[in-house]
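# Results of the structural survey
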Amino acid sequence: MRKRTFKTLICAMLAGVSALGFSACNLEPQTAYDVAVKNGFVGTEQEWLASLKGSDGESAKSPTIDDIYESWRAKSGNENKSFDDFLKEYLSVSYNENNNTAQIAKNLTSAVSIYCGMYTASSNGESGWGLSAGSGVIYTLNENSLLNGNAYIITNYHVLYNAQAANSVTGNGANGEHIANDNNIFIYLYGANILLDKKTDAFSGRVTGFEDKSGSAVKASYVGGSMLSDIAVLEVKGDENLKKAAAAGTATAVKTEKNGVTVGEKVYAIGNPSGNGISVSQGVVSVESEYISMNAADEKTSTTFHVLRTDTAINPGNSGGGLFNAQGHLVGIVNAKTTTSSSGTAVENMGYALPIADVEALATSIIETNAAPLKPYFGITIASENAHSEWNEAHDKLILKETVRVASVAAKGDKDAGIGAGVFEVDEVILSVAIERGGAEVLNVSVNTLADFKNAILHVRVGDTLKVTVARGGKSVTLTFANIEKGQLTLA
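Residues numbered from 1 in each chain as written. Predicted model: local features only at pLDDT ≥ 70, side-chain atom pairs only at ≥ 80, totals over all residues. Heavy atoms only, no water.

### Some words on the overall build of the protein
Selection criterion: What counts as a helix is a DSSP run of H or I of at least four residues, what counts as a strand is a run of E of at least two, and both are numbered from the N terminus. Using a 1.4 Å probe on the protein chains alone, a residue whose accessible area is under 20% of its type maximum counts as buried, one over 50% counts as exposed, and one in between counts as partly exposed. Any pair of residues with heavy atoms lying within 4.5 Å of one another is described as a contacting pair. Areas reported here follow the Shrake-Rupley algorithm with a probe of radius 1.4 Å; residue values treat only the protein chains shown as occluding.
Summing up its helical and strand segments, the protein has ten helices and 26 strands in all. In the protein, buried positions account for 46% of the 492 residues. Long-range contacts, defined here as pairs at least 24 residues apart, represent 64% of the contacts in the protein between residues at least 6 apart. When the accessible surface of the protein is split by element, carbon and sulfur atoms take 49% of a total near 23,400 Å².

### Quick word on the packing of aromatic side chains
The following threshold applies: In summary, the pairing rule links any two rings of Phe, Tyr or Trp, Trp by its six-membered ring, whose centres are within 6.5 Å, and it sorts them by plane angle into stacked for under 30 degrees, edge-to-face for over 60 and tilted for everything else. In this scheme, Lys NZ or Arg CZ marks a charge over a ring once it lies within 6 Å of the ring centre and within 35 degrees of the ring normal.
Throughout the structure, instances matching the rule amount to seven aromatic pairs. In this structure, lysine 219 is placed above the aromatic ring of phenylalanine 186, and the distance from its NZ or CZ to the ring centre is 4.0 Å.

### Quick notes on the sheet that holds strand E6 (residues 151–155)
Our working definition: The rule for pairing is simple: two strands pair if DSSP sees at least two bridges between them. Axis definition: a line fit to C-alpha positions, over the contact stretch in the case of helices; interaxial angles, taken between N-to-C directions, run 0 to 180 degrees.
The antiparallel open sheet is built from seven strands, whose spatial order is E10-E7-E4-E5-E6-E12-E11. The open sheet has two edge strands, strand E10 (218–219) and strand E11 (221–226), and neither has a second partner. Running at roughly 15° to strand E7 (residues 185–189), helix H8 (residues 240–248) makes contact with E6, E7, E10 and strand E12 (231–236) of the sheet. Helix H9 (residues 356–369) contacts strand E5 (127–139), E6, E11 and E12 of the sheet and is inclined by roughly 50° relative to E12.

### Some remarks on the pattern of salt bridges
We apply this condition: Salt-bridge detection follows one rule: a side-chain nitrogen of Lys or Arg within 4 Å of a carboxyl oxygen of Asp or Glu.
All told, the structure shown has twelve salt bridges when counted by the stated rule. The shortest N-O distance in the salt bridge between lysine 401 and glutamate 390 comes to 3.3 Å. On the criterion of sequence distance, the pair formed by lysine 401 in strand E21 (residues 397–409) and glutamate 390 in strand E20 (residues 380–392) is long-range, its members being eleven residues apart. A salt bridge links glutamate 425 to arginine 472; the shortest N-O distance between them is 3.5 Å. Here glutamate 425, found in the loop between E21 and strand E22 (429–437), pairs with arginine 472, found in strand E24 (residues 465–472); they are 47 residues apart in sequence, far enough to count as distant. We classify glutamate 425 as partly exposed; its relative accessible area is 40%. Owing to a relative accessible area of 22%, arginine 472 belongs among the partly exposed residues under this scheme. Here the salt bridges do not stand alone but share partners, grouping Glu385, Arg405 and Asp427 into one network.

### Observations concerning the environment of valine 426
Among the secondary structure elements, valine 426 is positioned in the loop between E21 and E22. Exposure remark for valine 426: the relative accessible area of 45% places this residue in the partly exposed category. Between the C-alpha atom of valine 426 and that of arginine 405, which follows or precedes it by 21 residues, the distance is 7.9 Å. Not counting chain neighbours up to four residues away, the residues in contact with valine 426 comprise Val406, Ala407, Ser408 and Val409.

### Quick notes on the pairing of strand E18 (residues 351–355)
In terms of residue burial, E18 counts as a mostly covered element, since five of its five residues are buried. For strand E15 (residues 302–310) and E18, the ladder comprises three bridges, and the chain directions are antiparallel. Counted as the bridge partner of arginine 309 is tyrosine 352 from E18. One ladder, built from five bridges, connects strand E17 (residues 330–338) with E18; its direction is antiparallel. Note that in E18 the partner of lysine 337 across the bridge is glycine 351.

### So, helix H10 (residues 450–457)
Extensive coverage of H10 is indicated by the burial of six of its eight residues. Residues of H10 that are buried: Leu450, Ala451, Phe453, Asn455, Ala456 and Ile457.

### Observations regarding H9
So the rule is basically this: Helices are assigned an expected span. That span is 1.5 Å times one less than the residue count.
Compared with an ideal rise of 1.5 Å per residue, which puts 14 residues at 20 Å, H9 spans 20 Å between its outermost C-alpha atoms and is within 8% of the ideal. Extensive coverage of H9 is indicated by the burial of eleven of its 14 residues. In the stretch just after H9, asparagine 370 is the one whose phi turns positive, near 55°.

### Some details on the environment of asparagine 167
The test is simple: In protein, a polar contact means a hydrogen-donor-capable atom and an acceptor-capable atom, both N or O and within 3.5 Å, with residues adjacent in sequence counting only if both atoms are side-chain atoms; elsewhere, any N or O pair within 3.5 Å suffices.
Here asparagine 167 lies in helix H7 (residues 167–170). Judged by relative accessible area, which is 5%, asparagine 167 ranks as buried. Note: C-alpha distance between asparagine 167 and methionine 118 (49 residues apart in sequence) is 7.9 Å. Residues within four places of asparagine 167 in sequence aside, it is in contact with Asn172, Gly173, Gly176, Glu177, His178 and Ile179. Here the side chain of asparagine 167 touches glycine 176 through a polar contact of 3.2 Å, landing on its backbone oxygen. Among the polar contacts made by the side chain of asparagine 167, one reaches the main-chain carbonyl oxygen of isoleucine 179 at a distance of 2.8 Å.

### Some words on the pairing of E22
In terms of strand pairing, E22 meets E24 through seven bridges, oriented antiparallel. Bridge pairing in E24 places isoleucine 430 opposite valine 470. Sheet topology note: the E22/strand E23 (residues 440–446) ladder contains six bridges and is antiparallel. For isoleucine 435, the partnering residue across the bridge sits in E23 and is leucine 443. Linking two consecutive strands that pair antiparallel, namely E22 and E23, is a turn of two residues; a positive phi of about 60° is found at glycine 438 within it.

Structure (structure tokens):
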């Protein structure tokens, strides 16, 4: 585990196997007698049953829900109320919120363990092959691709990266210095037999990496990633183990949440803590949107992550794993935790996940361009301020909003000038982003948070027309950047 300033990226250096258990759901609906009491009946349940008589003295038929509704409507003040009003007032279902075991089992089939063999050299002169452990989720753009053994795996960049890795020494730098080489990346599905051992050259006896001795590893290649955003994508092509699992329903792609999260919402982390195999932990969303600053995977570059916070148990090896809501939808990718406070005392239950909206924007860029994600370089700095909450009637929850303002603009001709130099103005507020491609609009989003703006511009590709609408001098002004060129893009 490598410490960052109070917050730590969580990649383990162990391997093994683990297990888990679940519990059930219990619904407790109200009885017809409960409804009758709420509707004005006074007496015991036996007295109420005895009152259900017809005019001829014989037992009446059991009342239907429509009968009870009509009786309720006859009460003063209820004449014009709907059936839905009746249900909300009298037939609300109370329940003991608990685990949906079937849904969690489904999510387990989209979780993977990731192990990377890396040759590392330390400052004290010691060197050798080591094995790091992390997690990932199966992500695919085509629901049939899994049946062909094809998939994309989303994980954290730091799961595949080690600042001490000496790829140039071993000649294994095909994915870039400090990033695990494809032949030393091993992926295991839930329930797989994990058996990795060092591989030795037959002639020299020198260790050259790791090999899977169980025959259950899924092989993948590195597509691209972003150190500053801590997201990376692996690609699996025609893998027989994945084919068999997909056909059996034990390997599935995640479903992502489109409506964000709510504070207090139950969530589940599924990952590979301590490298001991896939397991589940449970908690709630503590903070739905915040920013944390720390050193990136290279241990020296300062970066800021947009995250959601959870009290779910997060440990080394959970990195890159999914955080799911009660509906089984992926809401984030786990990547860090707070370990100590500014005073040096231990901190518990403060884990972080990259929100799925941010992750999908990055992953889509990596997959579509087959490279590290790029974004337009404007030559401006942006500030977020006036953060506040508003009640969203459509989703019946509080949502966070902030003002996204242009704080500074590079002058034209400056060495740091971007395509926004001389176009943006200081203090104007960014309102929306639209992208046109091939004459058609492919994106049009309102900018309610800084994350909205950053995510939107990640969808820009070479040749696109980008339109940014700002509030300037009390008016809305649309700034147009036509035919974006590759040289106008920078790493995300």
